[in-house]
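Structural features, examined
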Amino acid sequence: FFLSAAIMARRFAAVVAAVVFAATSARCDRGDSLEQTATLRSLAEQNWPGFFIGSAACQANLLPVNNTATQADPVYRQVLGSQYNLVTANDFYFEEIEPTRGNFDFTNADATIAFAMQHNQTVRCHNLVWHQTLPSWVNSSLSPQELTTILKTHITTIVTHMRGLCYAWDLVNEPLDDTGALRHTIWYNALGPDYIAVVAGWVHAIDPDTLLFINEYGIEAPGPKSDGLLKLLQKLQAASAPVHGVGFESHFHLVSAPKASDLAQNMARFAAAGFVIHVTELDVSLNGTGTSAAASWQNQGMFYSQYLQVCLQHFTERGKPGCESFETWDLTDRYSWLGMLENDPVSHASGYMWAPLPFDVTYQPKPAFQGMAKQLASHRKPQAW
């Protein structure tokens with residue numbers, strides 16, 4: 001179903017007026033009631049100390065800007081601040097933070113960091129090196145030497161500004177092709193095949209306490225691409241490059257999402273190789289399921305629950321090999337990037353077409369939320385791997 005803008009506006013106004021959202025009285029899918037004060041954050045901190053439950057956030061949804069509806073959302077702030085102990089600051093795309101050479105704009109990044117500090121949340125920072133979202137002045141017509149200088153200045157300026165604030169950085173985003181080989185991107189071509197080790201060294205020299213990740217999609221289950229990433233990480237490890245972990249992006253369609261056994265098998269081998277694992281961008285689209293919305297939401301909730309269970313089974317302690325963080329790519333269907341691809345985030349994200357996140361467009365918790373809460377409420381010794 002799709003809600004009209006007028007209905008959406010009325011529902012959203014009602015939620016804001018009520019102040020209290022239904023997540024605080026969520027019920028598990030078997031009818032096991034959670035205490036009214038229970039949040040994902042409180043359950044994680046009580047039962048899985050050291051474990052991160054998080055969401056990506058964009059500054060545009062945190063603070064009023066020009067009084068537009070999508071940029072003045074107090075309920076978004078409330079849910080983000082209360083439900084999660086980790087926030088991914090999604091504010092470091094090259095074209096936005098350095099739109100013209102040497103002119104850096106940290107407005108959005110600083111606002112997200114300030115929000116996280118206000119709510120005692122840990123921050124992941126996304127990202128430093130990517131072959132997309134480049135401004136027009138960064139292009140392949142420049143010499144390798146000039147591009148190297150540009151990238152080093154870009155990274156040095158950002159990491160110096162953010163030093164001590166980012167628990168982890170997505171150092172390089174999506175460096176592999178579908179075969180598991182390094183993409184021949186503008187940065188690969190400029191710095192050479194060892195460019196990841198080079199940029200890791202730049203960051204580590206400025207902020208040696210931050211964890212550095214390679215963030216990638218299509219590597220959550222065994223296959224050629226995940227094989228290639230594991231080999232790359234082991235090569236960096238053998239060269240003593242300061243790359244500490246892997247980000248499993250985890251953008252899935254429910255109809256083709258990996259089996260829990262495959263997720264567990266893959267996670268186990270990265271952990272056994274000595275790498276920290278973060279699930280970084282989880283969402284599960286309902287597009288193409290061919291069943292009713294209610295049934296799809298239940299199946300989506302089951303997948304969220306099973307995936308979090310796999311992660312918790314591979315958690316030992318913070319900063320150690322294993323899965324220590326489980327993050328969704330934003331928290332509400334209202335602002336899903338999938339809806340924004342259609343240039344209409346409210347209607348497209350609200351209906352049955354995508355609906356990939358734990359809260360619906362009116363911030364009601366879905367079975368995905370309830371599935372995560374159920375797992376976090378179960379304290380048990382992580383299984384050996």
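Within each chain, residues carry numbers counting from 1 in the order of the written sequence. Residue-level local features of this predicted model are given only where pLDDT is at least 70; pairs of side-chain atoms are given and counted only at 80 or more, and the full residue set underlies all totals for whole chains, interfaces and linings. Based on all heavy atoms of the structure, the side-chain values leave hydrogens and waters out of the count.

**Brief notes about the packing of aromatic side chains**
- The pairing test for Phe, Tyr and Trp rings, Trp by its six-membered ring, is centres within 6.5 Å, and the orientation test on the planes gives stacked under 30 degrees, edge-to-face over 60, and tilted for anything in between. For the structure shown, the criterion picks out 15 aromatic pairs.
- An angle of 75 degrees between the planes, with centres 5.5 Å apart, marks the rings of Tyr 76 and Tyr 335 as edge-to-face. Here Tyr 335 lies in the loop between strand 9 (322-328) and helix 12 (337-341) and Tyr 76 lies in helix 3 (residues 74-83), a separation of 259 residues in the sequence.
- Each residue's exposure class comes from its accessible area (1.4 Å probe, protein chains only) as a fraction of the maximum for that residue type: buried when under 20%, exposed when over 50%, partly exposed otherwise. Taking relative accessible area as the criterion, Tyr 76 reaches 0% and is therefore assigned buried.
- Placement of a charge over a ring requires the Lys NZ or Arg CZ to be within 6 Å of the ring centre, with the centre-to-atom vector within 35 degrees of the ring normal. Above the ring of Tyr 217, the side-chain terminus of Lys 225 is found at 3.5 Å from the ring centroid.
- The ring of Trp 297 carries Lys 366 above its face, with NZ or CZ at 4.8 Å from the centroid. In this description a helix means any DSSP run of H or I spanning at least four residues, a strand means any run of E spanning at least two, and both kinds are numbered starting from the N terminus.

**Remarks on the confidence of the model for the chain**
- Residue-level pLDDT values for the chain average 86, and 80% of them are 70 or greater.
- pLDDT runs from 0 to 100 and stands for how confident the predictor is about each residue. Contacts are assigned to residue pairs with any non-hydrogen atoms lying within 4.5 Å of each other. Predicted confidence is poor over residues 65-70, with pLDDT under 50, and the contacts of this stretch with residues over four places away or in other chains come to six contacts.
- In the predicted structure, residues 343-352 sits below a pLDDT of 50 and forms 36 contacts with residues beyond four places in sequence or in another chain.

**Overview of the pattern of salt bridges**
- For this analysis, a salt bridge means a side-chain nitrogen from Lys or Arg found within 4 Å of a carboxyl oxygen belonging to Asp or Glu. For the coordinates displayed, the defined rule picks out nine salt bridges.
- Note that Arg 101 and Glu 146 form a salt bridge whose closest N and O atoms lie 2.5 Å from each other. Remark: Glu 146 occurs in helix 6 (residues 144-162) and Arg 101 occurs in the loop between helix 4 (94-97) and helix 5 (107-118); sequence separation between them is 45 residues.
- Arg 101 sits in the partly exposed class, given a relative accessible area of 44%.
- Overall, Glu 146 belongs to the partly exposed group, its relative accessible area being 28%.
- Residues Asp 194 and Lys 235 are paired through a salt bridge, measuring 3.9 Å at the closest nitrogen-oxygen approach. Here the residue Asp 194 occupies a position in the loop between helix 7 (186-191) and helix 8 (195-206), and Lys 235 occupies one in helix 9 (residues 224-238), the gap between them amounting to 41 residues.
- Owing to a relative accessible area of 45%, Asp 194 belongs among the partly exposed residues under this scheme.
- For Lys 235, a relative accessible area of 54% corresponds to the exposed category.

**Structural notes on the pairing of strand 3 (residues 122-129)**
- For strand 3, a buried count of seven out of eight residues is recorded, marking the element as mostly surrounded by other parts of the structure.
- Here strand 2 (residues 86-89) runs beside strand 3; their pairing, made up of four bridges, is parallel. Bridging across to strand 3, Thr 88 finds its partner in Arg 124.
- A pair of strands is treated as paired once DSSP finds two or more bridges between them. Where strand 3 meets strand 4 (residues 168-173), four bridges bridge the pair, whose relative direction is parallel. Across the sheet, the residue bridging to Cys 125 is Trp 169, located in strand 4.

**Here's the deal with the state of the cysteines**
- By definition, disulfides here are pairs of cysteine sulfur atoms that lie within 2.5 Å. All told, the structure shown has two disulfides when counted by the stated rule.
- One disulfide in the model links Cys 125 with Cys 166; its S-S distance is 2.0 Å. Linking Cys 125 and Cys 166, the disulfide has an S-S dihedral of approximately -75 degrees and is accordingly described as left-handed. Residue Cys 125 is located in strand 3, and its partner Cys 166 is located in the loop between helix 6 and strand 4; the two are separated by 41 residues in the primary sequence.
- Accessibility expressed as a relative area gives 5% for Cys 166, which makes it buried.
- Each disulfide pairs two cysteine sulfurs, and for Cys 311 the partner residue is Cys 323, the sulfurs being separated by 1.9 Å.

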